[in-house]
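Topology and contacts: notes
Below are the chains, spelled out letter by letter.
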Amino acid sequence: MIKSKKLILYGSRDIDNIPELRVLPDKKKFDLKVISQVLPFRTNNYVVEELIDWDNIPNDPIYQLTFMQKGMLEPEQFDTIARLINENAEPRKIKAAANKIRYSLNPHPAGQLTANVPLMDDEPVRGVQHKYRETCLVFPSSGQTCHAYCTFCFRWAQFVGMTNLKFATDESKRFQTYIKDHKEISDVLFTGGDPMVMTLQKLEAYLLPLLAPEFDHVRNIRIGTKSLSYWPYKYVTDRNADGFLRLFEKVVNAGKHLVFMGHFSHWVELETDIVREAIKRVRNTGVEIRSQSPVLKRINDSAEIWERMWKTQLKQGIIPYYMFVERDTGTRKYFEIPLARAFEIFRNSYKKVSGLYRTVRGPSMSASPGKVVIEGISEINGEKVFVLNLLQGRNPDWVRRPFFAKYDEKATWLNHLRPASGEEKFFFEDELEMMMKKKKKLMKDFIEELEVSQDIETGAA
Ligand SMILES: *Cc1c(COP(=O)(O)O)cnc(C)c1O
Ligand code: SF4
């Protein structure tokens, strides 16, 4: 039978105290201590006890997913911090060195903040990103951590305090006003971090106001969460488990389509008794669960893993939704695979499953113009090309207009690709540049405040 567990979070200060870590050689523990001075480290007792196979270290995918590895920093970056630790340097010195490395890891890819944060009465609406017409992202201030941190996460900078994404609760009225005034918004997507780290009361304060008539245009409420993977007890045995389920029922019964955008990177996360029970209970409230993950070297870079993951998902009623390409930030070098390889993994798993699984789109890059999907690899007049498409566009009129890039077997991101047939630019580039310039001008007084935090903390909160 299912037993309850009390959540124990492990951070950089606990490396010597995690019982399972006793199997690790001291050298690996030291690596972990070094890297966690720079990048956020957090795992928990469920991940460590039930998801990681400690007989398969260091190759176990969930170990790679939550435990930092030496190769995640450049050798000289690693050595700098290692030397300071060995010299027993003052924390202040270590922190300064760590910050320097952090700034070199592209903490704010593609100026996402300035480009996507909307203005209302000439002031930014903090905690909101509105890039695609129909969908508005909301970052609740108390939902900006996770039950464990993924080593590849593109939001790593926020977990070490490098962004000012957070907005105070009294400002949440402002985000509500923004949504109320924008009738084109059909989807509100709560994201983080993980909004499901919030208490029941906090989550209610975000969800229930949207049930009022002035939000009738909001049809779909999505919650981006990895809680099913990292802390399924939340919905089964935790003190407020039933309270959360009742809240979901209330939202569904009020006529909203409530969706978990579940983040699953490997089938291991879907095969414990507790996660099966959690999925069942969440779905029984009328919540739909969809799934997404980037494709990552060392974690899920094989068609067999994706095929089994989709099959395990659909069997439990979870709808495969996105396969992403890892973004250009943080530990990307450690996890990246060429676009051509990502497409091969996608195609080889996709061709093995029936139509019911083919709701999944990918491999998709969340880039400045929009969600760019690799449709295929083909040939035009003897030139090998990637066939690309926009699934979402900063301008909605850009979607589903296939375009071509010169095939490049090493390219790992959109900015490595050049248009095919000797064209100079992709069709959206001039307009995108204009849009970005205009937005930058409007935001010029707020850029510093939005992108750089005054106080960068060492390690995760
Ligand atoms: C992916 C994404 C969305 C959601 O797009 P859908 O295709 O509707 O799932 C919304 N906003 C941003 C900024 C995104 O990156
Ligand atoms: S759960 Fe999501 S937001 Fe949190 S660390 Fe993992 S990928 Fe990042």
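Computed from a predicted structure; not experimentally measured.

Structural notes on the pairing of strand β10 (residues 288-295)
- Within β10, six of the eight residues are buried, which leaves it mostly tucked inside the rest of the structure.
- With five bridges joining them, strand β9 (residues 257-263) and β10 adopt parallel strand pairing. By the bridge assignment for β10, M261 is matched with R290.
- Remark: the β9/helix α12 (residues 273-284)/β10 crossover connection has right-handed handedness.
- Pairing of β10 with strand β11 (residues 319-325) involves six bridges; the strand directions are parallel.

So, the site of ligand 1
- In the region of ligand 1, the neighbouring residues are K131, Y132, T135, L137, R222, Y321, Y322, S366, K371 and Q392.
- In this structure, Y322 approaches ligand 1 through a side-chain N or O atom, which is 3.1 Å from an oxygen atom.
- Between an oxygen atom of ligand 1 and a side-chain N or O atom of K371, the distance comes to 2.6 Å.
- Its free accessible area being 390 Å², ligand 1 has 89% of it covered by the protein chains.
- If you list the elements that add at least two residues to the shell around ligand 1, you get β5 (128-132), β6 (135-138) and β11.
- Residue composition of the shell around ligand 1, grouped by class: four nonpolar, three polar and three charged.

Examining the packing of helix α4 (residues 75-86) against helix α5 (residues 91-104)
- Direction vectors running N to C along α4 and α5 enclose 170°, while the axes themselves pass 10 Å from each other. What the angle tells us is that α4 and α5 run roughly antiparallel. Packed against α4, whose contacting residues are Q77, T80, I81, L84 and I85, the element α5 presents K93, I94, A97, A98, I101 and S104 at the interface.
- When the residues that make up the contact of α4 with α5 are grouped by side-chain class, the tally is seven nonpolar, three polar and one charged.

Remarks on the site of ligand 2
- Contacts to ligand 2 come from C146, Y149, C150, C153, F159, G193, K226 and H263.
- The residue inventory of the shell around ligand 2, partitioned by class, reads five nonpolar, two polar and one charged.

Regarding empty space enclosed by the protein
- Enumeration according to the criterion identifies five cavities of 30 Å³ or more in this entry.
- Its boundaries defined by the atoms lining it, the largest cavity holds a volume of some 60 Å³.

Observations regarding helix α13 (residues 303-315)
- In this model, α13 (13 residues) spans 18 Å end to end at C-alpha, consistent with the 18 Å of a helix rising 1.5 Å per residue.
- Looking at α13, one finds that the buried residues are A303, I305, W306, E307, M309, W310, T312 and Q313.
- If you follow the buried residues of α13, they end up packed against β10, β11 and α15 (339-350).
- Where α13 terminates, the next one or two residues include G317, which has phi positive at roughly 85°.

Remarks on the packing of aromatic side chains
- Applying the stated criterion across every chain, the model contains 26 aromatic pairs.
- Seen in terms of ring centroids, Y321 and Y322 are 4.8 Å apart; in terms of plane orientation they differ by 70°. Their pairing is edge-to-face.
- Here Y321 falls in the buried class, since its relative accessible area comes to 13%.
- Look at Y322 and you get buried, because its relative accessible area is 6%.
- An aromatic cluster of three or more residues is present, and its members are W398, F403, F426, F427 and F428.

Remarks on α5
- Between its terminal C-alpha atoms α5 stretches 20 Å, which fits the 20 Å expected from 14 residues at 1.5 Å a residue.
- Among all positions of α5, only I94, A97, A98, N99, I101 and R102 are buried.
- Where the residues of α5 are buried, they touch α4 and α7 (156-159).
- Phi turns positive, to about 50°, at N106, one or two residues after α5.

Overview of the environment of Y206
- For Y206, the position within the fold is in helix α9 (residues 200-207).
- A C-alpha to C-alpha distance of 9.1 Å links Y206 and Q176, two positions 30 residues apart in sequence.

Details of the confidence of the model for the protein chain
- Confidence in the prediction of the protein chain, expressed as mean pLDDT, is 92, and 94% of residues score 70 or more.
- Note that pLDDT drops below 50 for residues 453-461; the model gives that stretch 30 contacts with residues more than four away or on any other chain.

Points about the domain arrangement of the protein chain
- Taken domain by domain, the protein chain consists of domain 1 (9-104) and domain 2 (109-441).
- On a C-alpha basis, the centres of domain 1 and domain 2 stand 27 Å from each other.
- With 27 residues of domain 1 at the interface, the matching set in domain 2 holds 31 residues.
- Between domain 1 and domain 2, roughly 2400 Å² of surface is buried when both sides are summed, and carbon and sulfur atoms account for 68% of that area.
- Among the residues domain 1 hides against domain 2, the three largest losses belong to R42, Y46 and L65. Together they make up 29% of the total.
- Our enumeration of links across domain 1 and domain 2 arrives at one salt bridge.
- The partner of E74 in a salt bridge is K333, and the shortest N-O contact between them spans 3.3 Å.
- For the pair domain 1 and domain 2, the number of links is 10 residue pairs in polar contact (both at pLDDT 80 or more).
- Only β2 (43-44), α2 (45-51), α3 (61-66) and α5 provide two or more residues apiece to the side of domain 1 that touches domain 2.

Here is what the cut-offs are and how they apply
- Residues numbered from 1 in each chain as written.
- Chains lettered and ligands numbered in written order.
- Predicted model: local features only at pLDDT ≥ 70, side-chain atom pairs only at ≥ 80, totals over all residues.
- Heavy atoms only, no water.
- Buried < 20%, exposed > 50% of the residue type's maximum accessible area, 1.4 Å probe, protein only.
- Helix = DSSP H or I, 4+ residues; strand = E, 2+ residues; numbered from the N terminus.
- Pairing = 2+ DSSP bridges.
- Right-handed = clockwise from strand over helix to strand, strands pointing away.
- Near = heavy atom within 4 Å.
- Polar contact = N/O pair within 3.5 Å; in protein donor to acceptor, adjacent residues only side chain to side chain.
- Areas by Shrake-Rupley, 256 points an atom, 1.4 Å probe, with all protein chains shown as cover.
- Nonpolar A, V, L, I, M, F, W, Y, C, P; charged D, E, K, R; others polar.
- Axes fitted to C-alpha atoms, helices over the stretch in contact; angles between N-to-C directions.
- Parallel < 35°, antiparallel > 145°, perpendicular 65-115°, else oblique.
- Contact = heavy atoms within 4.5 Å.
- 1 Å grid on protein atoms, 1.4 Å probe; cavity = no way out; pocket = protein on both sides within 12 Å on 5 of 7 lines; lining within 4 Å.
- Points joined across faces, edges and corners; volume = space filled by probe spheres on them.
- Expected span 1.5 Å × (residues − 1).
- Phe/Tyr/Trp six-rings, centres within 6.5 Å; stacked < 30°, edge-to-face > 60°.
- pLDDT = per-residue confidence, 0-100.
- Domains from an automatic or database assignment.
- Buried area = accessible area lost by both parts, 1.4 Å probe.
- Salt bridge = Lys/Arg side-chain N within 4 Å of Asp/Glu carboxyl O.

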